[in-house]
Amino acid sequence: MSAKIPRNFRLLEELEKGEKGLGAEACSYGLTDGDDITMSEWNGTILGPPHSVHENRIYSLKLHCGPNYPDAPPIVQFLSKVNLPCVSQVDGKVDPSKLACLAQWRRDYNMETVLLEIRREMATGSNRKLPQPPEGTTY
């Protein structure tokens, strides 16, 4: 059994990766407030996947890493309006039961895992052609 990395060390690793752009080019993430010593509130961005109604769109999200993160998944909410089955049309919150990586959360998942999974959802056959709200609209 390997050692369990403390929450803040894990979040510092994610912050460094997000700020240096070491992750996937299709998404980015960082702290909402650089002075947030709890490292709880994060911004995320997803570039819409090509060959879909999402192509050339930039989606903004907020992520909340509670005190039990990374043992518990972050709370994810779109700021940009999007039409996806896993996203509430009322407030933009991602329903954890409708996104595989949140429903079957593992400690080794991270915020990038979540953002990339959402992007993959955008590109699936049934979601790639869903009518979308006008670009630039927000919740």
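As the structure is a prediction and not an experimental result, all values here were calculated from the model.

Quick look at the nonpolar core
Here is step 1 of the chain: If you look at the biggest cluster of nonpolar residues, it comprises 30 residues, and the most contacted ones within it are Trp42, Phe78, Val94 and Ile118.
Here is step 2 of the chain: For this core, the secondary-structure elements that each account for two or more residues are α1 (7-19), β1 (27-31), β2 (41-47), β3 (58-64), β4 (75-78), α2 (100-103) and α3 (111-123).
Here is step 3 of the chain: Looking at this core element by element, the count peaks at 5 residues for α3.
Here is step 4 of the chain: Contacts of Val94, omitting those with residues within four sequence positions, involve Val76, Gln77, Phe78, Cys86, Val87, Leu99, Leu102 and Ile118.

A few points about the packing of aromatic side chains
The relation between two aromatic rings is expressed through the spacing of the ring centres and the mutual angle of the planes.
Here is step 1 of the chain: Applying the stated criterion to the full structure yields 3 aromatic pairs.
Here is step 2 of the chain: Measuring from centroid to centroid gives 6.2 Å for Tyr59 and Phe78, while their planes differ by 85 degrees, and the two rings are edge-to-face. With Tyr59 in strand β3 and Phe78 in strand β4, this residue pair connects regions lying 19 residues apart in the sequence. Like Tyr59, the residue Phe78 is buried in the burial classification.
Here is step 3 of the chain: Both rings, one in Trp105 and one in Tyr109, keep their centres 5.6 Å apart while their planes meet at 85 degrees; by these two values the pair is edge-to-face. As far as the burial class goes, Trp105 and Tyr109 line up, both buried.
Here is step 4 of the chain: Clustering of aromatic rings is evident, with ring pairs tying together Tyr69, Trp105 and Tyr109.

Parameters and conventions
- Residues numbered from 1 in each chain as written.
- Predicted model: local features only at pLDDT ≥ 70, side-chain atom pairs only at ≥ 80, totals over all residues.
- Heavy atoms only, no water.
- Core = buried A, V, L, I, M, F, W, Y, C linked by side-chain atoms within 4.5 Å.
- Buried < 20%, exposed > 50% of the residue type's maximum accessible area, 1.4 Å probe, protein only.
- Helix = DSSP H or I, 4+ residues; strand = E, 2+ residues; numbered from the N terminus.
- Contact = heavy atoms within 4.5 Å.
- Phe/Tyr/Trp six-rings, centres within 6.5 Å; stacked < 30°, edge-to-face > 60°.

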